[in-house]
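Coordinates in review
If you want the building blocks of each chain, they are given just below.
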Amino acid sequence: MLRVGYFPNARNLSDTVMIYYTAGKLMNDKTSYPPISLLPTLSKILEKTIPPKIMPSLMERKVIPDHQCDFRQ
């Protein structure tokens, strides 16, 4: 994925499940079931491992503008 520069869309999809939350609500109340998104494990691993490896070269080449605050340490 790094060599080609392509991250498959299937890796970005999440499974949404409804889990009963018992904070004094009734089981038949639809607000008792907040949605929980389960992301693919590979996607989560890549999001944590890739940025630290490419950030030095991005900063060196000034790919990220100076006025951008996101994606910086």
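Counting restarts for each chain, with residues numbered from 1 along the sequence as it is written. Local features in this predicted model are restricted to residues of pLDDT 70 or higher, and side-chain atom pairs are both shown and tallied only at a pLDDT of 80 or more, whereas totals for entire chains, interfaces and linings draw on every residue. With hydrogens and water set aside, each side-chain value is computed from the structure's full complement of heavy atoms.

So, a nonpolar patch on the surface
Convention followed: The patches described consist of residues with a relative accessible area above 30% and no salt bridge, like charges being joined within 9 Å and nonpolar side chains (Val, Leu, Ile, Met, Phe, Trp, Tyr) within 5 Å. For the area figures, the Shrake-Rupley method with a 1.4 Å probe applies, and any residue is considered shielded solely by the protein chains shown. A pair is scored as a salt bridge if a Lys or Arg side-chain nitrogen falls within 4 Å of a carboxyl oxygen belonging to Asp or Glu. The helix count covers DSSP runs of H or I at least four residues long, the strand count covers runs of E at least two residues long, and both are numbered beginning at the N terminus. Accessible area is worked out with a 1.4 Å probe on protein chains only. A residue is then buried under 20% of its type maximum, exposed over 50%, and partly exposed in between.
A grouping of Val17, Ile19, Ile36 and Leu38 is seen on the molecular surface, where their side chains present a nonpolar patch of about 300 Å² in accessible area. Checked against the element boundaries, Ile36 lands in strand β2 (residues 35–38). Taking the relative accessible area as the measure of exposure, Ile36 reaches 34% and is therefore partly exposed.

Digging into the side chain of Ser32
The criterion, for reference: Two residues qualify as a contact provided that any one of their heavy atoms is within 4.5 Å of a heavy atom in the partner residue.
Looking at the secondary structure, you find Ser32 in the loop between β1 (15–18) and β2. Setting aside residues no more than four positions away along its own chain, Ser32 makes contact with Ile19, Tyr20, Tyr21, Lys25 and Leu26.

Section: the packing of aromatic side chains
Selection criterion: A pair of aromatic rings is counted whenever rings of Phe, Tyr or Trp (Trp by its six-membered ring) have centres within 6.5 Å, and the orientation is called stacked for planes under 30 degrees apart, edge-to-face for over 60 and tilted otherwise.
Evaluated as defined, the whole model comprises one aromatic pair. Where Tyr20 meets Tyr33, the ring centres are 5.4 Å apart and the plane angle is 50°; that geometry is what we call tilted. With Tyr20 in the loop between β1 and β2 and Tyr33 in the loop between β1 and β2, the pair connects residues that are 13 residues apart, well separated along the chain. Judged by its relative accessible area of 27%, Tyr20 is partly exposed.

Considering helix α1 (residues 41–60)
So the rule is basically this: One less than the residue count of a helix, multiplied by 1.5 Å, gives the span that helix is expected to have. The reported bend at a residue is simply the angle between two axes, fitted to the 7 residues ending at it and to the 7 residues beginning with it.
For α1, spanning 20 residues, the distance from its first C-alpha to its last is 30 Å, which sits close to the expected 28 Å at 1.5 Å a residue. Approximately 40° is the largest bend angle found in α1, and it occurs at Ile54, with the proline Pro56 only one to four residues beyond. Listed in full, the buried residues belonging to α1 are Ser43, Leu46, Ile50 and Met55. Looking at the residues trailing α1, positive phi occurs at Lys62, about 55°.

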